[in-house]
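# Chains, contacts and geometry: an overview
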Amino acid sequence: MKLVALGLVLLGCLQSLAAPDFQVIALYEMRMMLTDSRGVLKDWNNNQVSPCYFDNVRCDQDGSVIGM
């Protein structure tokens, strides 16, 4: 039983490390409000851990969005 509890705690920690940050969520929500008929924002999804992997998004060395 203790092993199962430890496994669940470790799983929770790993999930929080891989969870999208607030910038991903904000950009994704903004994308959902836009009409993207050319598909420019098609890779903006809420499964990314960092918005720095989105096309047309620029980040600084700390991973903060500085431009689009």
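Residues numbered from 1 in each chain as written. Predicted model: local features only at pLDDT ≥ 70, side-chain atom pairs only at ≥ 80, totals over all residues. Heavy atoms only, no water.

## Notes on the UniProt feature "domain: Leucine-rich repeat-containing N-terminal plant-type" (unreviewed entry) in the protein
If you check UniProt for "domain: Leucine-rich repeat-containing N-terminal plant-type" (unreviewed entry), the listed places come out as residues 23-60 in our numbering. With 29% helix and 5% strand, residues 23-60 has end C-alpha atoms that lie 13 Å from one another. (UniProt positions renumbered as here; feature names shortened; annotations may be inferred. Helix = DSSP H or I, 4+ residues; strand = E, 2+ residues; numbered from the N terminus.)

## Brief notes about the environment of Ala 26
On the secondary structure map, Ala 26 appears in helix H2 (residues 22-33). The exposure class of Ala 26 is partly exposed, given its relative accessible area of 43%. (Buried < 20%, exposed > 50% of the residue type's maximum accessible area, 1.4 Å probe, protein only.)

## Things to note about unusual backbone geometry
Even without being a glycine, Asn 56 presents a positive backbone phi close to 65°. Along the chain, the position of Asn 56 falls in the loop between H2 and strand S1 (58-59).

## Considering the side chain of Ser 50
Positionally, Ser 50 belongs in the loop between H2 and S1. A relative accessible area of 16% means that Ser 50 is categorised as buried.

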